[in-house]
Amino acid sequence: MHLNYHFLKYLCPELEAAFIGKRFTSCFSQNKDELILEAHDGIESRYIRAHFHPPQIYLSFPADFQRAKRNSIDLFKELIGDDIVACKAVDFERAFYFKLGSGKTLLFKLHANRSNVLLYEPDSEFPKIIFRNGIAEDRELNWMTLNKEFDLSRKNFEVLAGNASKFLPTLGTVPRQWLKEKGYPETDLDSKWALMQDLLDMLDTPLFSLVEKKGEIHLSLLPEENPIKTFSNPIQAVNELFYLALVRGNFEKEKNTLLKKYQELLKRTNSYIYKSGQKLDELRNAAPPSQLADVIMANLHEFQAGKLQAELMDFYTGKTILVKLKPNQKPQDYAASLYRKNKNRKLEWEQLEKTIESKIKLATSLESKIEELGTIEDFRTLKAFQKTHGEDKAILKEAVVLPFKTFEFGGFPIYVGKSSQTNDEMLRGYSKKDDIWLHARMVAGSHVLIKTSGLKHIPGAVLETAAALAAFYSKNKNETLAPVIYTEAKYVRKVKGSPAGSVMVEKEKVLMVVPRGPEEIFGKAE
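Before going into details, it helps to say that this report is about the structure given with it. The model shown is predicted, which means the values in this text are computed figures rather than measured ones.

1. Comments concerning the sheet that holds strand β2 (residues 34-40)
Then, number 1: Within the open sheet, the 5 strands sit side by side as β4-β3-β2-β1-β5. Their pairing is antiparallel. Single-partner strands in this sheet number two, and they are β4 (56-60) and β5 (73-74).
Then, number 2: Across 7 bridges, β2 lies against strand β3 (residues 45-53) in antiparallel orientation. If you follow E38 over to β3, its bridge partner there is Y47.
Then, number 3: Relative to the sheet, helix α6 (residues 234-285) contacts β2, β3 and β4, its axis offset from that of β4 by approximately 135 degrees.

2. Some details on the state of the cysteines
Here, disulfide denotes a covalent bond that connects the sulfur atoms of two cysteines.
Then, number 1: One pass over the full model with this rule turns up 0 disulfides.
Then, number 2: Of all cysteine sulfurs in the structure, the one in C87 sits closest to C12, which takes part in no disulfide; the separation is 4.0 Å.
Then, number 3: The thiol sulfur of C27 is not disulfide-bonded, and the nearest other cysteine sulfur, from C87, lies at 15 Å.
Then, number 4: Residue class for C27 comes out buried when judged on its relative accessible area of 2%.

3. Let's talk about the packing of α6 against helix α9 (residues 379-388)
Then, number 1: Close contact between α6 and α9 brings their axes to 10 Å; oriented N to C, the two are set at 30 degrees. As far as their axial angle goes, α9 and α6 are roughly parallel. Pair α6 / α9 crosses with left-handed handedness. Touching V247, N250, F251, E254, K255, L258 and Y262 of α6 are F379, L382, K383, F385 and Q386, all from α9.
Then, number 2: Along the lines of polarity and charge, the residues of the contact of α6 with α9 split into 7 nonpolar, 2 polar and 3 charged.

4. Some words on the pattern of salt bridges
Then, number 1: The tally for this structure, following the rule as stated, stands at 27 salt bridges.
Then, number 2: Linking K109 and D138 is a salt bridge whose minimum nitrogen-to-oxygen distance equals 2.7 Å. Linking K109 in strand β8 (residues 105-109) with D138 in the loop between β10 (129-130) and α2 (154-159), this pair joins segments that are 29 residues apart in sequence. Pair check on accessibility: K109 and D138 agree, each one buried.
Then, number 3: Notably, a salt bridge pairs D190 with R154, separated by 2.5 Å at the nearest N-O pair. Taken together, the residues D190 in helix α5 (residues 189-203) and R154 in helix α2 connect sequence positions 36 residues apart.
Then, number 4: On the basis of relative accessibility, which here comes to 28%, the residue R154 falls in the partly exposed class.
Then, number 5: One salt-bridge network, in which partners are shared between bridges, spans K22, D41 and E44.

5. What about the pairing of strand β20 (residues 482-488)?
Then, number 1: Here β20 lies mainly inside the structure; 6 of its 7 residues are buried.
Then, number 2: Taken together, the 5 bridges between strand β18 (residues 436-440) and β20 define a ladder with antiparallel strand orientation. What sits directly across from L438, in β20, is Y486.

6. Thoughts on the sheet that holds strand β13 (residues 229-231)
Then, number 1: With respect to topology, 3 strands assemble into an open sheet ordered β12-β11-β13, the strand pairing being antiparallel. Looking at which strands have only one partner, the edges of the open sheet turn out to be β12 (216-220) and β13. Taken pair by pair, the neighbouring strands of this sheet meet at an average axis angle of 25 degrees, ignoring direction.
Then, number 2: Where strand β11 (residues 208-213) meets β13, 3 bridges bridge the pair, whose relative direction is antiparallel.

Reading the values: rules and limits
- Residues numbered from 1 in each chain as written.
- Predicted model: local features only at pLDDT ≥ 70, side-chain atom pairs only at ≥ 80, totals over all residues.
- Heavy atoms only, no water.
- Pairing = 2+ DSSP bridges.
- Helix = DSSP H or I, 4+ residues; strand = E, 2+ residues; numbered from the N terminus.
- Contact = heavy atoms within 4.5 Å.
- Axes fitted to C-alpha atoms, helices over the stretch in contact; angles between N-to-C directions.
- Disulfide = S-S within 2.5 Å.
- Buried < 20%, exposed > 50% of the residue type's maximum accessible area, 1.4 Å probe, protein only.
- Parallel < 35°, antiparallel > 145°, perpendicular 65-115°, else oblique.
- Left-handed = near helix turned anticlockwise from the far one by under 90°.
- Nonpolar A, V, L, I, M, F, W, Y, C, P; charged D, E, K, R; others polar.
- Salt bridge = Lys/Arg side-chain N within 4 Å of Asp/Glu carboxyl O.

Dropping the structure here:
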């Protein structure tokens, strides 16, 4: 109700008492859609802070305000040196104005997201200056036509059949909700009139409460069961609302957003440590892939006539094993892929150990930061925390839900586009020049990105895994062996006007791989 006429009719007499006799000495803006005015009487200053950045529309009237040294611009220069002689609410309208010694009028129009500040010359119908120039209709707003009159008699109430919105359109959300809770829509006309009179009596009682409803702070002129704070002075009430809803509210929102990102990153990190630990145990305890390749090569005759599976004797263990091939896959090619996998096994093992160690350090660091963040209670300390931990900006960006498939192999994040649009978004917003970009050669498919974190050497197993995913998420998905091109992201660029997902690639190399999906590589379906 802080933008409501029923509050402004109490606010304006207090503003008049606080500002009358003062003259405007400065007017400036240092944030988008926020105007600061200073008035001084030779003894003390008083400020008007109008924050009109939708949807946060708030006013405050502090005794002190520190102007920023940079990014600050002077506005409404015609006000400077003009005396304040009165402050009045516009009758039954969400607006009030200061009358100045020169005859000028400074109007504050509080129409939610269309709120504005307008300066009128003496006897002028239209404003000379408006604060928010984007609100075009305000250029022809005649403030003298804003005053409204409503017939609040019982006779008119009956003519309107007790329609509260037509009888008194200025009520606002909180009073209408009070009527609804009292059963106003369903009751008879006499009961409606009685409820309306009770409501008007409460609105005529100058008591101002701050309450929390649906996670937001509101100002109410009605009796509230569990108010956060209650005031008899409307300036104190609106100043506290400004602090709790805007300053404190934005602080809590920013802090909780940052905290959630750290917690999400810690959750993902711990999950990676657990799953990678299991993978490492598998590598340590499982038989080398070369053993299965040896068995296949010793039994090539079992796959004659296009057979895709055969039960073979494993001469390393003495057990019978079932070997399955993909459609059109030759046993020699499968064995070759197993020999390659075996070659990279030790490198993957060592890389996994190093990555797990680094992830454990990261988890410890994140736990410490989450604990420190939980103790922060003000914006200044929060900004200092963010500045101190500026290196987290990139990893926290990745902690949010990304618009493409994400995997991790050997400590390297791998992104796979889901559509032409996300392919473009991945290249434009999530790649760095040293990242490795991959794509199935000469066919439609997903863009794939290996996040290198600036490392010059990428293990062959990581490159092959990303290439296998690029082949899998392409038209070559069912091929026995598929070509995949790769290059550094700095050599991949969009051509103006080209279709989504279409790029120009330079200095690419080609890698021949067996298409493999997430289930085969990571043991999970995607």
